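# Commentary on secondary and tertiary structure
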Amino acid sequence: MAGKTRGKPGHLPTIGKSPTGILGLDEVTNGGLPQGRPTLLCGSAGCGKTLFAMTFLYNGAVEYDEPGVFLAFEEQPEDLIKNVGSLNYDIERLIAEKKLAIDHVEIERSKIDEAGEYDLEGLFIRLGFAIDSIGAKRVVVDTIETLFGGLENEQLLRSELRRLFEWLKSKGVTAIITGERGEGSLTRYGLEEYVADCVILLDNRVHDQLSTRRLRIVKYRGSAHGTNEYPFIIDEQGITVMPITSSGLAHGASTERVKTGIPDLDQMLEDKGYYKGSSILVSGMAGSGKSTLAAHFADASCAADHRCIYFAMEESPHQIMRNMRSIGIDLQKWVDKKLLRFSARRPSLFGLETHLATMYRDVTDFDPAAVIIDPMSALLNAGASGDVHSMVLRLVDFLKSREVTALFTNLGGVAGENAATEIQISSLMDVWLLLYNRESNGEHNRQLYLLKSRGMAHSNQVREFIMTSGGIKLREVYIGPEGVMIGSARRAQETKDRAAVLIREQEMERRTREIERKRREIAAQIEILQAQLANDTAEIELLNREGAEREDQLAADRVAMGVSRHTGPSRDKSSPKTAKKPRT
Amino acid sequence: MTEHDGYNLRLYVAGQTPKSIAAIGNLKKICEQHLPGRYEIEIIDLMKDPALAMRHQIVAIPTLIRQLPEPLKRIIGDLSNTEKVLVGLDIRPN
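Residues numbered from 1 in each chain as written. Chains lettered and ligands numbered in written order. Predicted model: local features only at pLDDT ≥ 70, side-chain atom pairs only at ≥ 80, totals over all residues.

Our focus in this paragraph is the overall build of chain B. Counting its secondary structure elements, chain B contains three helices and four strands. Of the regular secondary structure in chain B, the N- to C-terminal order runs β-α-β-α-β-β-α. For chain B, whose C-alpha radius of gyration is 13 Å, the value lies close to the compact-globule estimate of 12 Å for 94 residues. Overall, chain B is about 35 × 25 × 25 Å in size when its C-alpha atoms are taken along their principal axes. The long-range share in chain B, meaning contacts at least 24 apart out of those at least 6 apart in sequence, stands at 66%. (Helix = DSSP H or I, 4+ residues; strand = E, 2+ residues; numbered from the N terminus. Rg over C-alpha atoms; globule rule 2.2 N^0.38 Å. Contact = placed C-beta atoms within 7 Å.)

Structure follows, in structure tokens:
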């Protein structure tokens, strides 16, 4: 929430602000209602004036230590207490603790006769007494116009009202005066003439049978304030106003990365994933796997110990969890660990603005790092087409300002009814993933294409997208002469390729064997030749040796012959034989 | 008139303002003229007892409340219009 003196520089005096504690309202009023002054809260019946006013008092008493007085002209205290009991406001306890006082003013014309001049001093005394008895800093007067119905003298009433507002100012209380919306004027009796400091208009419009509550600050003297219409919701958690962030495009840009939950997709994004705080649009036709992609992201986010809100617009949380279990994603465990929160609402339940206000409240409350809106297209149909762009812009800006990574799925992809809005919205997105479900060769196959991804080098490839029991897998696609091959065509191509590989391998093996055989053949031949060579060598040696022996023999014979010529022949015959034997 | 014949009247004022003084004077005059001997007037100054303003549902000053006879009747103003006072108090039929 903005500080009390925000909006003006330096030493210049600024008006004090009294925070309402209403989510979003203090943001658009730069801190709250003008302190010590009356604020006019107007709107038609049933638009939430009384609840707004009571919330202002309740928050004041509980959160800001500012007791309050509720001066009720329309409802009995018991009814008031009962009505806000649904918001868990324990009014009775506050009354017992003297932090709140309720005074019901009963005025009925039929029971009152007027005889002469009078003034409303009694009302001043009552209010003054109530204020003083609990030291009130806040006052609600709801709805003072009832007096016009109860009393005849309108001229007197007007002057007394003027006096009342001046008196409230002099008391230094921050007051809310409620007023019924009139025709052609803000309030039926022109209260805006008297309350000049701050005027807030509440509205409840019905469009296509969906009612949307809106708030507009008509005037805020001395303070900057948002001038747009802000949607707001009233539910069991109180009032939430969805502000347009005044930051606009001033949000920071993180360089931190978050996993997509699909390793193959991370790899396409510089192997790191999305930027933290970026907005991701996943668009595709029905059944193209958008929710699965979203579930992967939720899973990855929770696995990194970051909180995540899954806004389910078409399926119940149980159905989503069951479906995701079939591809191996267990979201239940994250829900149990309070890291994942499902927020399931039928889009047709409320208008677009109300949805966005609810999201704003949930995000502010749960403070997630990641948000999934599945599908966005359901919301787009909930609003008048002109508003869609600005409302989505608000949501995107809001999420960015909180550095929440947001994944939006969008039913579309082909020139459908959402084509125009999709184009508008895609310009707000940092990453745009297109999922196709293309028919080819008599079958539908899923494909994923990363159409854009701001601020990073990313793959420009169309990938085939397969859902397995272990989640999404992305396959490299085959690019053939007829384009990208997917599904059976890809499988056929793969088979063909595998066959070719097999043939090549077999051929190789055959050739290897052949060579081996040849090598062995040659080796065998070499062996034979070597054996021959060895044989020949041995023979030559033998011959050599025989030759040498013969020489020896001859020499010996010659000696023997010489000897025998002198001794006799009986000794010569045995000696050459014994000499030859050891050599063989 | 019901079982009680007497008038029990309460006049709420806020200090000594001209309207308050006029109302007190007018009331006494009317009662003396039209209800001699059978009326009782109680004047309550809310400046002295402001808590009563809320308890008795007082908005306008002066306020005259006819406590008795029942039913309760409320007349606001300084009671300068005698006719209206008489009608309001059921002293004279409308």
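This part is about the overall build of chain A. Broken down by element type, chain A carries 17 helices and 25 strands. A total of 584 residues make up chain A; the buried ones form 42% of that total. Taking all contacts inside chain A whose residues are at least 6 apart in sequence as the whole, residues at least 24 apart take part in 70%. (Buried ≥ 20, exposed ≤ 12 C-beta atoms within 10 Å, placed from the backbone.)

In this assembly, 21 residues from chain A lie in contact with 26 residues from chain B. Contributing elements (two or more residues each) for the side of chain A that touches chain B: strand E6 (112-114) and helix H5 (121-134) of chain A. Among the elements that take part in the side of chain A that touches chain B, H5(A) stands out by supplying seven residues, more than any other. Among the residues making up the side of chain A that touches chain B, the classes are represented as nine nonpolar, three polar and nine charged. Both E6(A) and strand E4 (residues 73-76) of chain B contribute to a ladder of three bridges, which runs parallel. Paired with Glu114(A) across the strands is Ile76(B), a residue of E4(B). (Nonpolar A, V, L, I, M, F, W, Y, C, P; charged D, E, K, R; others polar. Pairing = 2+ DSSP bridges.)

Before going further, it helps to spend a moment on the pairing of strand E10 (residues 210-220) of chain A. Residue and element names in this part refer to chain A. Bridging between strand E9 (residues 198-207) and E10 involves ten bridges; their strand directions are antiparallel. When the sheet's bridge partners are listed, Cys198 is paired in E10 with Tyr220. The antiparallel hairpin formed by E9 and E10 contains two residues in its connecting segment, where Asp208 sits at a positive phi of about 55°. Two elements, E10 and strand E11 (residues 229-235), share four bridges in a ladder whose sense is antiparallel.

A word on the sheet that holds strand E2 (residues 39-45) of chain B. In space, the five strands of this open sheet follow the order E6(A)-E4(B)-E3(B)-E1(B)-E2(B), with mixed pairing throughout. With one partner strand each, in any of the chains shown, E6 of chain A together with E2 of chain B form the two edges of the open sheet. Neighbour to neighbour, the strand axes of the sheet diverge by 25° on average, direction disregarded. For strand E1 (residues 7-13) of chain B and strand E3 (residues 63-68) of chain B, the ladder comprises five bridges, and the chain directions are antiparallel. Counterpart to Leu11(B) in the pairing with E3(B) is Leu64(B). Against the sheet, helix H1 (residues 18-34) of chain B contacts E1, E2 and E3 of chain B, and its axis sits at roughly 165° relative to E1(B). (Axes fitted to C-alpha atoms, helices over the stretch in contact; angles between N-to-C directions.)

Within a regular beta strand, the side chains point alternately toward one face of the sheet and then the other, so they alternate between its two faces. Residues and elements named next belong to chain A. Of all five residues in strand E4 (residues 68-72), five are buried, a share of seventy percent or more. What you see with E4 is no split at all: Gly68, Phe70 and Ala72 on one side and Val69 and Leu71 on the other are buried throughout. Here five bridges tie E4 to strand E5 (residues 100-104), and the two strands are oriented parallel to one another. Following the sheet pairing, Leu71 is matched in E5 by Asp103. For E4 and strand E7 (residues 138-142), the ladder comprises five bridges, and the chain directions are parallel. Bridging from a neighbouring strand, Val69 pairs with Val139 of E7.

Right, let's get into the confidence of the model for chain A. In the predicted model, chain A carries a mean pLDDT of 83, and the fraction of residues at 70 or more is 89%. Predicted confidence for residues 1-10 of chain A stays below pLDDT 50, and this span has 20 contacts to residues more than four positions away or in other chains. (pLDDT = per-residue confidence, 0-100.)

What follows deals with the sheet that holds strand E8 (residues 174-180) of chain A. Residue and element names in this part refer to chain A. Taken in spatial order, the nine strands make up an open sheet running E5-E4-E7-E8-E3-E9-E10-E11-E12, and their pairing is mixed. Edge positions in the sheet fall to E5 and strand E12 (238-241), since each of these pairs with one other strand and no more. Direction aside, neighbouring strands of the sheet carry axes that sit 20° apart on average. Both E11 and E12 contribute to a ladder of four bridges, which runs antiparallel. For Ile234, the partnering residue across the bridge sits in E12 and is Ile239.

Residue-level pLDDT values for chain B average 88, and 93% of them are 70 or greater. At the level of chain-chain contacts, confidence expressed as ipTM amounts to 0.92, with global pTM at 0.70.

With respect to the helices, strands and loops of the structure, Ala115(A) is situated in the loop between E6 and H5. Setting aside residues up to four positions removed in sequence, Ala115(A) forms contacts with Ile75(B), Gly77(B), Leu79(B), Asn81(B), Lys84(B), Val85(B) and Gly88(B).

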